Amino acid sequence: MVTAGRAGKRRAMAAAMKRRREEAPGPGRDTEREQERGCLRFWAAHSRALAERWTAARAAGPGGAAAARELRRRQRDAFEELLLSIRGLPVALPTLPLELTVLYNSLLFTLGASDSAIEGQADGIRQGLLRVLEACGACGQDLSTEELWQKVLQEVTVEELQAPLHRLGALQAAWWLAAGRLGSIAGLFRLLSTAEDTGRGHCSEGQNELLSLLKTWQVPAEGTCLPLVQSAEDLKEILCTAAAFLQGLCGKGLQELEAGNFPTALSLLQEAARGFCSKKVLAQIYTCLGCCAQRMGKPQTALQHLKRALQVDFQCLSALSHAAAVYRELGEIDTELQALALLYEALEKKPPAAASSSPNILIQTELLVHTPTLTSLLRHHHPSEVKYLLAQRCLQGGRVADAVEHYLDFLALLQEGLQQQVPLDGSSTLPRIPEVFLEAASALEQAGRHQDAITVCEEVIRRTTDLIPRMLREEERLEQPECPSPGAGLAGELLSQKKESLCCLAWRTAGYLHQGWAWAKLGESKEAITQFSRCLSDLLRVQLRGPGTEPIENVPPEVEVLQKIRLLSLIGRGTQFLELGRHKEALLDFQHGLHISPGDPAAASYLVQALWKLDRKQEAAAQWQKLSQSSPGEQEGKGRPLPLYLVSCLEHAMFPHSETLASTIQDYLETAAQDTSS
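Predicted, not measured: the structure shown is a model, and the values here were computed from it. (Residues numbered from 1 in each chain as written. Predicted model: local features only at pLDDT ≥ 70, side-chain atom pairs only at ≥ 80, totals over all residues. Heavy atoms only, no water.)

1. Concerning the overall build of the chain
No. 1: Secondary structure summary: the chain contains 31 helices and two strands in total.
No. 2: For the chain, the proportion of its 678 residues judged to be buried stands at 49%.
No. 3: In the chain, of all internal contacts separated by at least 6 residues, the share reaching a separation of at least 24 is 70%.
No. 4: About 33,100 Å² of surface is accessible on the chain, with carbon and sulfur atoms providing 51% of the total. (Helix = DSSP H or I, 4+ residues; strand = E, 2+ residues; numbered from the N terminus. Buried < 20%, exposed > 50% of the residue type's maximum accessible area, 1.4 Å probe, protein only. Contact = heavy atoms within 4.5 Å. Areas by Shrake-Rupley, 256 points an atom, 1.4 Å probe, with all protein chains shown as cover.)

Right, here's the structure in full:
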């Protein structure tokens, strides 16, 4: 309702506007008006030409995302230049409709040329509102943007300005929606609504009121003399869709999902799926529903939602990616690999960088709906990431031949430049590149391609040689201090360098370890011993804690990996000493292995075998009895999971003759018992 004081202000403003139109009559004033009309005609013609150029480009069809973006930038610059020309003269009421229309078109191209809506880009709207007030004899420099809109919409009554102001209001709402300022949008559209709508009480459920206000907003008619590059009707539809997705229902659902309140998130997301939105956004909602169901421990329900997402929009590749993860959780490796293969094929045909759905539409829902949770759930994988997942899952599932092919394909992608294949912002799921090389070597080794495995490992060794200091000490903690000190920055940098050095050492020694086992499989025991010895020699660079000095959970993961590599290398070298009949040297390696990892079943079994071959049968029997009394899975359950590239080495180190050795020692013990009794 308009108060008496506000009505008085409006009457005073109308009188001031009338005086400005009537003042300074005479030939000089007539000449000035004719010049203004000439400028106005020129600017209007230029604006029409720019809008027609954009219309022609849209009619010509999409020419690719890059070309469309470049065209949007050129159009933005042209409209901004025209706007500067108009604002080069003092503000005047006759030119304001054109100025606000040019401002609207310019801001549309500003949004269309961006990857996201940044609120600072809308500063031009504030300048436009201030010029409207200036033309009406008022000012509002000290007002906030919300207050400025309130003043303009309540006090400016010029009929010609209503349609341009409404269109600018819709654009303002787009930026506020992207910034999550939903209360500001509701307040603005109350002002834009009709008088009877303005008088409604404030709704307690803000999101329902906002959607109602957007849907009932009367879009101003477009004039033929001042064409628009995107209609206000289109903008209204996009605002409604984005508001329904982000604020109305799904946005709140995403907040609940992020907070771990899965039942509430599921309910809100299901309600969002029943709302009005595009197929692309609906597929995203179903993908979010699938992720929510998966986290609730309902994989079958998750699959139903994800399949629905793909039915709605077959280009929603994030749904296919999440489906592969659900199949992995269910242990259905065949279906998982099929999903990953389809995902890789689709990504190769349609790279994420070229995924713009409508390059000639300036503002789209995706531009306004941009939350961290949604971005994480709907992140596009790059083809190289999916190729690596295929290789990794095949290797983990024992499909060695397929794993080899996928790893070799991935290594070929590396030759093309990985920085062009994956994002380097920390969001990639790829491990460090040396680890991928070592996994590839493991796959080659298991496939019987031992020479190829040796070659791949040599590349890892060569590239890490200069990255490892001559000596590393590990007696200091590798965790960040709880209370940062003034020198914490330098200490953190040194800590990071030490961790990186330990990682490089692990990769290099793992390369020697794989080479040792590969030579062993080729029957070259002497060469195998050389590689195992190089591995152990490099490990002397780091001074590790002795066994049992600290609980395993307190041992840094980098150190635990190095300890396991040392154990596996000692077992490997010991087995080759046994092959060459050098039983005493083998015994020393197995003893050292048990010192590093007390109770390790492989080292203990090989120790028994070495003692037996040295004819120290009584000691061998005693060690065997001690080993037999230990729990079968006691050692296997300790520590963190091994890196994938070490799993095959662990399998190589397993003692293969347990039953034979057990039978031999049992016969010996029975014979010894009979001799004693007799």
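2. Quick notes on the packing of aromatic side chains
No. 1: Per the counting criterion, the structure on display carries nine aromatic pairs.
No. 2: Feature note: the residues W54, F79 and F109 constitute an aromatic cluster, connected by ring pairs.
No. 3: Looking at K387, its charged tip hangs above the ring of Y344, at a distance of 4.4 Å from the centre. (Phe/Tyr/Trp six-rings, centres within 6.5 Å; stacked < 30°, edge-to-face > 60°. Lys NZ or Arg CZ within 6 Å of the ring centre and 35° of its normal.)

3. Focus: the packing of helix α15 (residues 299-312) against helix α16 (residues 317-330)
No. 1: Running from N to C, α15 and α16 cross one another at 160 degrees; their axes reach a closest spacing of 9 Å. In terms of orientation, α15 and α16 fall into the roughly antiparallel class. Classified by chirality, the crossing of α16 by α15 is left-handed. Contacts between α15 and α16 involve P299, Q300, A302, L303, L306, K307, A309 and L310 from the first element and A319, L320, H322, A323, V326, Y327, E329 and L330 from the second. (Axes fitted to C-alpha atoms, helices over the stretch in contact; angles between N-to-C directions. Parallel < 35°, antiparallel > 145°, perpendicular 65-115°, else oblique. Left-handed = near helix turned anticlockwise from the far one by under 90°.)

4. Section: the packing of helix α6 (residues 145-155) against helix α7 (residues 159-179)
No. 1: Where α6 contacts α7, the axes come no closer than 12 Å and their chain directions differ by 165 degrees. It follows from the interaxial angle that α6 and α7 lie roughly antiparallel. The element α6 and its partner α7 pack so that their crossing is left-handed. Of the residues in α7, those in contact with T145, E146, W149, V152 and L153 of α6 are L165, L168, G169, Q172 and W176.
No. 2: Across the contact of α6 with α7, the residue classes tally to six nonpolar, three polar and one charged. (Nonpolar A, V, L, I, M, F, W, Y, C, P; charged D, E, K, R; others polar.)

5. Some words on the state of the cysteines
No. 1: Evaluation of the coordinates by the stated rule reveals zero disulfides.
No. 2: Counting only cysteine sulfurs, C649 is the nearest neighbor of C535, a cysteine outside any disulfide, at a range of 9.1 Å.
No. 3: C535 sits in the buried class, given a relative accessible area of 0%.
No. 4: Its sulfur unpaired, C649 is 8.2 Å from the next cysteine sulfur, which belongs to C457. (Disulfide = S-S within 2.5 Å.)

6. Some details on the environment of C291
No. 1: Mapped onto the elements, C291 comes out in helix α14 (residues 279-295).
No. 2: Along the sequence, C291 and H322 sit 31 residues apart, while their C-alpha atoms lie 7.3 Å from each other.

7. Structural notes on the environment of P97
No. 1: Secondary-structure assignment places P97 in helix α4 (residues 96-112).
No. 2: Residues P97 and V132, spaced 35 residues apart in sequence, show a C-alpha to C-alpha distance of 9.7 Å.
No. 3: Contact partners of P97, with chain neighbours within four places excluded, come to E160, L161, P164 and L226.

8. Side note on the confidence of the model for the chain
No. 1: On average, residues of the chain score 81 in pLDDT, and 76% of them reach the 70 mark or higher.
No. 2: The low-confidence segment residues 195-207 (pLDDT under 50) makes 11 contacts with residues lying over four places distant or belonging to another chain.
No. 3: Note that residues 351-357 has pLDDT below 50 and, in this model, nine contacts with residues that lie over four places away or in other chains. (pLDDT = per-residue confidence, 0-100.)

9. Here we look at empty space enclosed by the protein
No. 1: Across all of its chains, the model carries one cavity of 30 Å³ or more by this definition.
No. 2: Around the largest cavity, the lining residues are L317, S318, S321, L343, L347, R379, H380 and H381.
No. 3: The dominant element in the lining of the largest cavity, judged by the number of residues it contributes, is α16, at three residues.
No. 4: Residue composition of the lining of the largest cavity, by class: three nonpolar, four polar and one charged. (1 Å grid on protein atoms, 1.4 Å probe; cavity = no way out; pocket = protein on both sides within 12 Å on 5 of 7 lines; lining within 4 Å. Points joined across faces, edges and corners; volume = space filled by probe spheres on them.)

10. Side note on the nonpolar core
No. 1: One finds Y407, L513, I565 and Y645 to be the most contacted residues of the largest nonpolar core, which totals 94 residues.
No. 2: Broken down by element, this core gets its largest block of residues, 12 residues, from helix α24 (residues 488-521).
No. 3: Beyond its immediate chain neighbours, meaning those up to four positions away, Y645 contacts E435, L438, E439, S442, A506, W507, A510, H514 and V561.
No. 4: Membership of the second largest hydrophobic core comes to 73 residues, among which are L50, V102, L192 and L228. (Core = buried A, V, L, I, M, F, W, Y, C linked by side-chain atoms within 4.5 Å.)

11. So, the side chain of R167
No. 1: The residue R167 is located in helix α7 in this model.
No. 2: Residue R167 is classed as buried on the basis of its relative accessible area, which comes to 5%.
No. 3: Setting aside chain neighbours within four positions, we find R167 in contact with T101, Y104, P220, A221, E222, L228, A232 and L235.

12. Side note on the pattern of salt bridges
No. 1: The final tally for this structure, using the stated rule, is 20 salt bridges.
No. 2: Measuring nitrogen to oxygen at the nearest pair gives 3.0 Å for the salt bridge that ties R449 to D452.
No. 3: Judged by its relative accessible area of 32%, R449 falls in the partly exposed class.
No. 4: On the accessibility criterion, D452 (34% relative accessible area) is partly exposed.
No. 5: Between R573 and D589 there is a salt bridge; the shortest N-O distance is 2.9 Å. Of this pair, R573 sits in helix α26 (residues 557-579) while D589 is found in helix α27 (residues 583-596), placing the two residues 16 residues apart along the sequence. (Salt bridge = Lys/Arg side-chain N within 4 Å of Asp/Glu carboxyl O.)

13. Side note on helix α30 (residues 644-653)
No. 1: Here α30 lies mainly inside the structure; seven of its 10 residues are buried.
No. 2: Taken as a whole, α30 has its buried residues at L644, Y645, L646, S648, C649, H652 and A653.

14. Some thoughts on a negative patch on the surface
No. 1: Judged by side-chain charge, E222, E233, D234 and E237 come together as a negatively charged surface patch.
No. 2: Position of E233 relative to the elements: it lies in helix α11 (residues 232-248). (Patch = residues over 30% accessible without salt bridge, like charges linked within 9 Å, V, L, I, M, F, W, Y side chains within 5 Å. Lys, Arg positive; Asp, Glu negative; His and termini not counted. Charge placed at Lys NZ, Arg CZ, Asp CG, Glu CD.)

15. Points about α15
No. 1: Taking 1.5 Å per residue as the helical rise, α15 with its 14 residues ought to reach 20 Å, and the 20 Å between its terminal C-alpha atoms agrees with that figure.
No. 2: Along α15, the positions that sit buried rather than exposed are P299, A302, L303, H305, L306, A309 and V312.
No. 3: On its buried side, α15 packs onto α14 and α16. (Expected span 1.5 Å × (residues − 1).)

16. Points about the environment of K387
No. 1: The topology assignment puts K387 in helix α20 (residues 383-396).
No. 2: Separated by 22 residues in the primary sequence, K387 and D409 place their C-alpha atoms 7.7 Å from one another.
No. 3: Ignoring any residue separated from it by four or fewer positions in sequence, one finds K387 in contact with Y344, H406, D409 and F410.

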